[in-house]
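Structure assessment
Chain residues, written in single-letter form:
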Amino acid sequence: MSRLMRTHEWIAEGTALCRTALVDLDGPSLLPGWSRKHVAAHLSLNAEAIGNLVYWAKTGDERPMYASPEQRSADIEAGALRPVDELLAWFQESAQVLADAMAEPSDEQWQVTVRSAQGVEIPATVTPWMRSREVMIHAVDLGTGVTFADLPPDFLEALAADIRTKRGDVPEVTGPPAEVAAYLAGRSYDGVLSADGTPAEPLPPWL
């Protein structure tokens, strides 16, 4: 199975985990300053944003993820004020629209260069990986019982490799794969040790 195909499966698996985690939106998330409603709004807006990049790849018509970082933040704040039933329906609809859109590009269209929210040029093939990270990690961040141990082992391996590449200065650590992935992502972890055998120092949040 190709990495692209597997990444599409990770999106579906992560989306299902999010549905499980979205059982109670009336509470704080595990992300500082964000309620669970903020996370739910972000997930829906992210689906729409990545959908913009898929549209760009399919049509050649440039469509950025977000109008601006400020607008993105404002939209999350506004979304977090929606009633619970609206937030749940928004998550479901946006996830399905994105899944349908991702089924359409040709092999050639998947190679089209688009830009991430940070302005980095990337091939459209990266967008499914971007979405899989969002739904997997934020399913945990919702704080309703999903943990990194619930995420697929091959996803955890890919996530750890990706973070190591992007962070660059991460020290070598040992521990259970799920805990190491949580550590690298700047989330709560247990049993992760530095090379000298001492507990690893926490890293700042990633993603």
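Coordinates for the structure precede this section.
Here goes a summary of the coordinates provided. (Residues numbered from 1 in each chain as written. Predicted model: local features only at pLDDT ≥ 70, side-chain atom pairs only at ≥ 80, totals over all residues. Heavy atoms only, no water.)

Observations concerning the overall build of the protein
Looking only at helices and strands, one finds eight helices and four strands in the protein. Helices and strands in the protein line up, N terminus first, as α-α-α-α-α-β-β-α-α-β-α-β. A compact globule built from 207 residues should have a C-alpha radius of gyration of about 17 Å, and the protein, at 17 Å, falls within 12% of that. If you line up the protein on its principal axes, its C-alpha atoms span 50 × 40 × 30 Å. Across the 207 residues in the protein, those meeting the buried criterion constitute 46%. (Helix = DSSP H or I, 4+ residues; strand = E, 2+ residues; numbered from the N terminus. Rg over C-alpha atoms; globule rule 2.2 N^0.38 Å. Buried < 20%, exposed > 50% of the residue type's maximum accessible area, 1.4 Å probe, protein only.)

Here's the deal with the packing of helix α2 (residues 36-59) against helix α6 (residues 126-141)
Viewed as axis vectors pointing N to C, α2 and α6 meet at an angle of 175°, and their least axial separation amounts to 10 Å. Relative to α6, the element α2 is oriented roughly antiparallel. Residues V39, H42, L43, N46, A47, I50, L53 and V54 of α2 touch α6, and the partners they reach there are T127, M130, R131, E134, V135 and H138. Across the contact of α2 with α6, the residue classes tally to eight nonpolar, four polar and two charged. (Axes fitted to C-alpha atoms, helices over the stretch in contact; angles between N-to-C directions. Parallel < 35°, antiparallel > 145°, perpendicular 65-115°, else oblique. Contact = heavy atoms within 4.5 Å. Nonpolar A, V, L, I, M, F, W, Y, C, P; charged D, E, K, R; others polar.)

Structural notes on the packing of aromatic side chains
In total, this model carries four aromatic pairs according to the counting rule given. Pairing W129 with F155 gives two aromatic rings, centres 5.5 Å apart and planes at 50°, and the pair type is tilted. One end of the pair, W129, is in helix α6; the other, F155, is in helix α7 (residues 153-167), and 26 residues separate them in sequence. For the residue pair W129 and F155, the accessibility class agrees, reading buried in each case. Linked through ring pairs, W10, W129 and F155 together constitute an aromatic cluster. The ring of W129 is capped by R3, whose NZ or CZ atom sits 4.8 Å from the centre of that ring. We note R82 situated over the ring of W90; from NZ or CZ to the ring centre the distance is 3.9 Å. (Phe/Tyr/Trp six-rings, centres within 6.5 Å; stacked < 30°, edge-to-face > 60°. Lys NZ or Arg CZ within 6 Å of the ring centre and 35° of its normal.)

Notes on the pattern of salt bridges
Summed over all chains, the structure comprises ten salt bridges. Residue R115 pairs with E62 through a salt bridge whose shortest N-O separation is 2.3 Å. Of the two residues, R115 is situated in strand β1 (residues 113-115) and E62 in the loop between α2 and α3 (69-79); the sequence distance between them amounts to 53 residues. Judged by relative accessible area, E62 falls into the partly exposed class, the value being 45%. With a closest N to O distance of 2.4 Å, K166 and D162 form a salt bridge. Highlighted residues: K166 and D162, both in helix α7, separated by four residues, approximately one helical turn. (Salt bridge = Lys/Arg side-chain N within 4 Å of Asp/Glu carboxyl O.)

Structural notes on the side chain of S44
In this structure, S44 sits in helix α2. When sequence neighbours within four positions are dropped, the list of residues in contact with S44 reads L87, W90, F91 and S94.

Observations concerning helix α4 (residues 84-102)
Every α-helix carries 3.6 residues per turn, so stepping three or four residues along brings you back to the same face. Here α4 is 19 residues long and its end C-alpha atoms lie 27 Å apart, about the 27 Å a rise of 1.5 Å per residue gives. Within the span of α4, buried status applies to L87, W90, F91, S94, A95, L98, A101 and M102. Seen end-on, α4 carries its buried residues on one side only, within an arc spanning 130°. α4 presents D85, E93 and V97 as exposed residues on the side facing more than 90 degrees away from its buried surface. Of the surrounding secondary structure, the elements contacted by the buried residues of α4 are α1 (3-21), α2, α3, α5 (107-110) and α6. (Expected span 1.5 Å × (residues − 1). Arc of directions from axis to C-beta.)

Remarks on the nonpolar core
F148, L151, F155, L156, L159, Y183 and L184 are the most contacted members of the largest nonpolar core, which has 45 residues in total. Elements with a minimum of two residues in this core: α1, α2, α4, α6, α7 and α8 (177-184). Not counting chain neighbours up to four residues away, the residues in contact with Y183 comprise V170, P171, V173, Y189, V192, A200, E201 and L203. Formed by 18 residues, the second largest nonpolar core is a distinct cluster that contains I50, W56, A101 and V114. (Core = buried A, V, L, I, M, F, W, Y, C linked by side-chain atoms within 4.5 Å.)

Some points on the packing of α7 against α8
Two numbers describe a pair of packed helices, the interaxial angle and the distance between the axes. At a minimum axis distance of 9 Å, the contact between α7 and α8 shows a crossing angle of 30°. Considering how the two elements wind past one another, α7 and α8 form a crossing that is left-handed. Residues L156, L159, A160, I163, R164 and R167 of α7 pack against A178, V180, A181 and L184 of α8. Residues that form the contact of α7 with α8 fall into these classes: eight nonpolar, no polar and two charged. (Left-handed = near helix turned anticlockwise from the far one by under 90°.)

So far we have only geometry, and geometry alone does not tell us how the molecule works.
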